[in-house]
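The chain contents come next:
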Amino acid sequence: MKGIKKSLTEEYLYLDLSHQKEGCIFPLHTSITLFLLSYCDCKIFKVCLVLTGESTGISLLKNVLSEDVEIQIISRQELPPIVQNCCLPAVVERPDNFCRAGLAVVLRHIIQKSYEADPSKKEILELLGFKKTCLKACAEVSQWTRLCELTIPLAIENFLKESSDQPPTIPAEILELERKLSEPVRVHNDDKLRRQKLKQQKADGVRPSLDKEETKSKVHRQETSEEVDSSSASLELRVAFSKLTVREEPAPANREPAHVRKARASDLPPLDHVFVEGLYFTLADIVLLPCIHHFLVIICKKLSEKLVEFPLLAAWYQRIQEVPRVKTTASQCGIQFLHLPELQTTSNEQQPSLDEVPCVEEQNDPSFIGGPRPTMTKLMEKGIEVMFSPHPCPTWTLDWDTLPAAVSPKEGKMSSDRALRKQQQLNNLVYVVTNQAKPGDRIVDFCSGGGHVGIVLAHMLPSCQVTLIENKELSLIRAKKRSDELGLSNIWFIQANMEYFTGTFNIGGCCEHRRICVPSPSIAANT
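Residues numbered from 1 in each chain as written. Predicted model: local features only at pLDDT ≥ 70, side-chain atom pairs only at ≥ 80, totals over all residues. Heavy atoms only, no water.

Asks: Hey, could you go over the pattern of salt bridges for me, with residue numbers and the actual values?
Replies: Applying the stated criterion to the full structure yields 16 salt bridges. The shortest N-O distance in the salt bridge between R100 and E473 comes to 2.9 Å. With a gap of 373 residues between them, R100 in strand β7 (residues 98-101) and E473 in helix α16 (residues 473-486) connect regions that are remote in the sequence. Under the relative-accessibility criterion, R100 is labelled buried at 3%. Between E176 and K180 there is a salt bridge, with its nearest N and O atoms 3.5 Å apart. Taken together, the positions of E176 and K180, both in helix α5 (residues 172-181) and four residues apart, correspond to about one turn of that helix. Residue classification places E176 among the partly exposed positions, given a relative accessible area of 26%. (Salt bridge = Lys/Arg side-chain N within 4 Å of Asp/Glu carboxyl O. Helix = DSSP H or I, 4+ residues; strand = E, 2+ residues; numbered from the N terminus. Buried < 20%, exposed > 50% of the residue type's maximum accessible area, 1.4 Å probe, protein only.)

Asks: Run through α16, naming residues and quoting values.
Replies: Taking 1.5 Å of rise per residue, the 14 residues of α16 would be expected to cover 20 Å, and the 20 Å separating its terminal C-alpha atoms lies within 8% of that figure. Listed in full, the buried residues belonging to α16 are S475, L476, A479, K480, R482 and S483. Around the axis of α16, the buried residues are gathered within 160° of arc, so they sit on the same side. For α16, the exposed residues set more than 90 degrees away from the buried face come down to L474, K481 and E485. Lining the buried residues of α16 we find β7, α15 (452-460), β9 (465-470) and β10 (491-495). G487 occupies a position one or two residues after α16 and carries a positive phi of about 70°. (Expected span 1.5 Å × (residues − 1). Arc of directions from axis to C-beta. Contact = heavy atoms within 4.5 Å.)

Asks: Help me get a handle on the nonpolar core, residues and values and all.
Replies: F295 and W316 are the most contacted members of the largest nonpolar core, which has 82 residues in total. When sequence neighbours within four positions are dropped, the list of residues in contact with F295 reads I156, F159, I170, P171, I174, F310 and L313. (Core = buried A, V, L, I, M, F, W, Y, C linked by side-chain atoms within 4.5 Å.)

Asks: Pulling in residues and values, what's your account of the packing of aromatic side chains?
Replies: In the structure shown here, the tally under the stated rule is nine aromatic pairs. Relative to F281, the ring of Y39 has its centre 6.0 Å away and its plane inclined at 55°; by these criteria the two rings are tilted. Of the two residues, Y39 sits in helix α1 (residues 28-39) while F281 sits in the loop between α9 (258-261) and α10 (283-302), which places them 242 residues apart along the sequence. For Y39, a relative accessible area of 5% puts it in the buried group. Centroid distance F98 to F493: 6.1 Å. Interplanar angle 20°. Geometry classified as stacked. Taken as a pair, F98 in strand β7 and F493 in strand β10 lie far apart in primary sequence, 395 residues in all. On the basis of relative accessible area, F98 is assigned to the buried category, the value being 2%. In this structure, R94 packs its charged tip against the face of Y12, placed 3.9 Å from the ring centre. When the ring centre of Y39 is taken as origin, the NZ or CZ atom of R325, which lies over that ring, is 4.4 Å away. (Phe/Tyr/Trp six-rings, centres within 6.5 Å; stacked < 30°, edge-to-face > 60°. Lys NZ or Arg CZ within 6 Å of the ring centre and 35° of its normal.)

Any link to function would need more than the numbers given here.
Printed below as a string of structure tokens:
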């Protein structure tokens, strides 16, 4: 078919399979991944379900698996060695030396590969959001990624287990999500949209709401081709669904009225959530949909009186069903949407103002102060002069001129001055490791970046297995390119958060913190 590219690299997708219950595959990470595969109509991965609990035959999974996805069931012992060192889900490129692990990393990769295979599917790429950053920040630093990727799926799994024996307790994470849906939306063209909303409010005399009935009647996009009625639908809905149908919201024909142009930012109305990250349908909505669906199933069955506590979540659940292909995908994955009663949403006066609500990424540890300290300047202010002297151990210095060019940090896309400083840093780290390492040792370079430490070690210690772990994909791809130029066969690349690495190792290093650790015997060297 025109526009569809054949993937040059064979990739395997490995998913945990513990059990299946009431139309849901556990763990929920697996259900979420399979949902995205079906939504993207992605058939470029060879999917393997890895048994982790009671044996489940493939015949029992027919009702919750898309018929379009070819799936093989294997045991954990059959996993490639690199995957055995990671939490699932994981994607591996043949020849099994590059692995992507963790839900967010894997889902983003599925979206990117689906778009590369068929560039006409621009709506698939839009799932990554503005600047393609949806769930890109790792869960170690982003509270929003942690909520979507880890805490909500785990909380719902525990909620479902608890509900089978006794009346369950509402997870705090769900209450947090309901609260976040009440917060004003922040988008890159925030001021422009809020002024348009102010103009609409002045014209209507009332503030349009995003209730369930409006979504159902005005945004019936899947089954009909009717346009959203721009005269009565809220601005948020018009903007959100114009993007889903690849149709831009028309710009105002005339200049805005004076009361709109001159309105202060603090007087502009906040934007309401259409989807979980704001106005646009993103990967975060897909991640949360299976989780929230199974949560609402239990609520409706056993705690129906609690449903009124989640009007915004229920409205989002109804609204997301109107996104093109969502109902079809849900049906293929065994999800039968609930018909929820109309709930009264909270008053807008009770919602926090835009200026009072920090972005998720800004909610940092309050005890953290500032960034890197200007150490040299502080020393000089105290009258302490820094004297530079030759290296106290000249034998630690590598002869970089005799090493292959691809080993040098100069090949890692950095300036010559920075590369020289990186070489000086590597001299110390590499010396410590090469003196501690024994043949057959496993060496892990945490936060490896472009692989400056790991590549040198893999070249100088061919009898050791070196693993690079890094969350940034482009850095790891550059490292792999340098490794391929050197023909290294003793090096692995894992794109994942550090907490998703479960393997054992003899020596671990982190160039970012200039630290080498040897777990057994307990020896640590700070360089």
